[in-house]
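Per-entry structural report
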Amino acid sequence: METGSPHDTGTAATGGPAAPGGEEPGWIALPPGLLRMRRLLLVVWLGLLTLATALVPGLLAGPGWAAFALLPLALLVWGWVMLERNWRSWRYAERADDLLISRGVLWREETVVPYGRMQLVEVTSGPVERHFGLASVQLHTAAAATDATVPGLDPAEAERLRDRLTELGEARSAGL
Amino acid sequence: MTAPGVHEDVRDRPPVTERRLHPVTPLRRAWAPVAVLIGWALHDPDQAQRQLTRLTTTSLLIGLAVLLPAAALYGFLTWWFTHFAVTASELRIRTGLLFRRTAHIRLERIQAIDVTQPLLARVAGVAKLRLDVIGTDKKDELAFLGAGEARALRAELLARAAGFAPETAHEVGEAPSREMLRVPPGVLAVSLLLTGATWGWLLGAAVMVPLLWTATHSLWTVLAAAVPLFGAAGASSVGRFVAEYDWTLGESPDGLRIDHGLLDRAHETVPPGRVQTVRLIEPLLWRRRGWVRVELDVAGSSNSLLLPVAPRELAESVVARVLPGVSVPPREALVPPPRRARWCVPVWWRGYGLAVTDAVFAARHGLLRRSLSLVPHAKVQSVRLVQGPWQRARGVADVHVDTGANKSVTARLRDAGEAAALLRSQAERSRTGRRDARPDRWMT
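Criteria and thresholds
Within every chain, residues take consecutive numbers counted from 1 along the sequence as written. As they are written, the chains are lettered A onward and the ligands numbered 1 onward, keeping that order. A pLDDT threshold of at least 70 governs which residues receive local features in this predicted model, and a stricter bar of 80 or more applies before side-chain atom pairs are shown or counted, although totals over entire chains, interfaces and linings include all residues. Labels follow the DSSP assignment, with helices taken as runs of H or I lasting at least four residues and strands as runs of E lasting at least two, numbered in each case from the N terminus. Partly exposed residues are those whose C-beta has more than 12 but fewer than 20 other C-beta atoms within 10 Å; 20 or more makes a residue buried and 12 or fewer makes it exposed, with C-beta atoms placed from the backbone. In this description, any two residues whose backbone-derived C-beta atoms lie within 7 Å of each other are considered to be in contact. Strand pairing follows a simple DSSP-based rule, namely that at least 2 bridges must link the two strands. Each axis is a line fitted through C-alpha atoms, taken for helices only over the stretch in contact, and angles between the N-to-C directions span 0 to 180 degrees. Nonpolar residues are Ala, Val, Leu, Ile, Met, Phe, Trp, Tyr, Cys and Pro. Charged residues are Asp, Glu, Lys and Arg, and all others, Gly as well, are polar. UniProt positions are given in the numbering used here, feature names are shortened, and annotations may be inferred rather than shown by experiment.

It is worth spelling out the overall build of chain B at this point. Scanning chain B for helices and strands turns up 13 helices and 20 strands. Dimensions of chain B, computed from C-alpha atoms along their principal axes, come out at roughly 80 × 80 × 45 Å. Here chain B, with 444 residues, has 34% of them falling under the buried criterion. Sequence separation of at least 24 residues holds for 56% of the intrachain contacts in chain B that already meet a minimum separation of 6.

Below, the structure written as structure tokens:
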């Protein structure tokens, strides 16, 4: 179509495109910032919980009861691994006419949104995300069921994506 | 969209004439305080009774003397402060006594227009006009207008929405309507008798009432269980009969006309190209007679019934009119899921089926009560593929197609490779299907 190639992604594709072979679209993985943030949050919360479960029963009922702390500790280790698998599963691709978002490890989900159907593109960034220099891009279509969000992007990349999506959306606009 | 014309519009814009609603309207509002009282009495019956015994005739009279004029004043003021006006591109409603509220409804975005006449309104010769536009709420209805005025206004709004010039719009008049189908009352009654829901509720009542009686011997408990059950049975049989009585489907250049109702008459209009999905529903007991029920989804509209009951061939011809260029795929064209899908959804996997033609995405589900959903490719907003761990082990996946009416149509348990191909091709078809869609202003 009239607009340029979808491969001018350049800046923030720190994860690197995965397998750009044949007709496969140029997938872009998420930058590692999201994984870092989620792991830190996990360690902070579960670390506190581990401490609490170790100290409270250990001091009140005897040192043997401190073994309860192994439970949140195991959860922490498991979560550490799971977060990476989940983070790895997230990827998106800008094709000539639509945006592809793929995610999920056990429950895999792949969403295609044609640019012409986008009603609104949102860039959001909460206080914790901002501290880590992250932003998410959310696409809205006229269907509420459309669940197209790309989390944990570099703010510059998020803005580039937003501007590009808006521009493409205008070029191919179609209503309901 | 109208950017080049804006400046001229502003310069020599004809004066907007504001109109008021029908003078009967205050009476409708006057019910509000009475309804509040009744609601309070029902909510707390003991207290209400105690208060009632304390009331003497004089205090009752005084109360009435205060309440009635207050209610009348409230009704009069809300009527006085409600105006509406039709401009070239908008319907403007200005309302609110304390909190002013102005709604500008863009006419080319109209998804449906309904003229409804509740029983009392029929007696008074007035009607309610409601416009369905995405994002509007219930306040944006014009209640009440004179019955003739409501019809004229509907015709004018549709003419302007269709793109007729503002000067001629109110002379265009009501577009001629051609009757396509009328459901005979006998057929409707039989079809409702053959619906499982009524019998289910009645059966529930027949089992629950003796059980509760033997268990508790308390009349109140039995009543508390029986009344909702019989109420639900009544709503799904008599209630539906009254609402769907004399169901008439007409076709006009303005779109689809649906008129129905025994006590409350409703006249719905769905302009062309607004239908997002159509569902053909075939309950088990209707199958021998070859009847189907047709439902539709329009964005921002709560109306969802197109035909309460009709023979299949007739229903299919109606669907072909509602979704131009679409033919309902025959049962053989629907491809069932692969046999290994039976490990994901044991018996019911046989009910699923999918057919994709160049115009429509058709997915069926249900084994006893079959339901076939049709989505024109032009109405698809996004496509999703979802695969759970159990499904991946069996090599199947679900494909969801989202439409603007906040409904998703799902093709369940497709072969994984087929689903992936479907995801790609459906997005492509959704994009290209849009090109030959009709404009919002369908007469231009």
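This paragraph deals with the sheet that holds strand 17 (residues 370-376) of chain B. Residues and elements named next belong to chain B. One open sheet accounts for six strands, arranged 14-13-12-17-16-15; its pairing is antiparallel. Of all strands in the sheet, those with a lone pairing partner are strand 14 (305-311) and strand 15 (353-356), marking the two edges. Direction aside, neighbouring strands of the sheet carry axes that sit 15 degrees apart on average. Taken together, the four bridges between strand 13 (residues 291-298) and strand 14 define a ladder with antiparallel strand orientation. Bridging from a neighbouring strand, Glu 295 pairs with Leu 305 of strand 14.

Quick look at the interface of chain A and chain B now. Where the parts come together, the accessible area they lose is often given as the size of the interface. Taken together, the contact between chain A and chain B spans 23 residues of the former and 21 residues of the latter. It is strand 4 (residues 108-114) of chain A that contributes the most residues to the side of chain A that touches chain B, seven residues altogether. Partitioned by chemical class, the residues of the side of chain A that touches chain B number 12 nonpolar, five polar and six charged. Both strand 4 of chain A and strand 18 (residues 380-387) of chain B contribute to a ladder of five bridges, which runs antiparallel. Pairing of A:Arg108 across the sheet is with B:Gln387, part of strand 18 of chain B.

With that settled, the discussion passes to the UniProt feature "transmembrane region" (unreviewed entry) in chain B. Under the local residue numbering, the UniProt record ascribes the feature "transmembrane region" (unreviewed entry) to residues 60-82, 187-213 and 219-243 of chain B. Across residues 187-213 of chain B, helical content stands at 93% and strand content at 0%; the span's end C-alpha atoms are separated by 38 Å.

Moving on to unusual backbone geometry. Residues and elements named next belong to chain B. Cis geometry marks the peptide bond from Ala 143 to Phe 144, where omega comes out at 0 degrees. When you line up the elements, Phe 144 lands in strand 7 (residues 141-146). Although it is not a glycine, Asp 246 adopts a positive phi angle of roughly 55 degrees. Within the fold, Asp 246 resides in the loop between helix 10 (219-244) and strand 9 (248-252). Here Leu 413, not a glycine, exhibits a phi torsion of approximately 55 degrees, which is positive. Examined against the element boundaries, Leu 413 turns out to sit in strand 20 (residues 408-415). Look at Leu 413 and you get buried, because 25 C-beta atoms sit within 10 Å.

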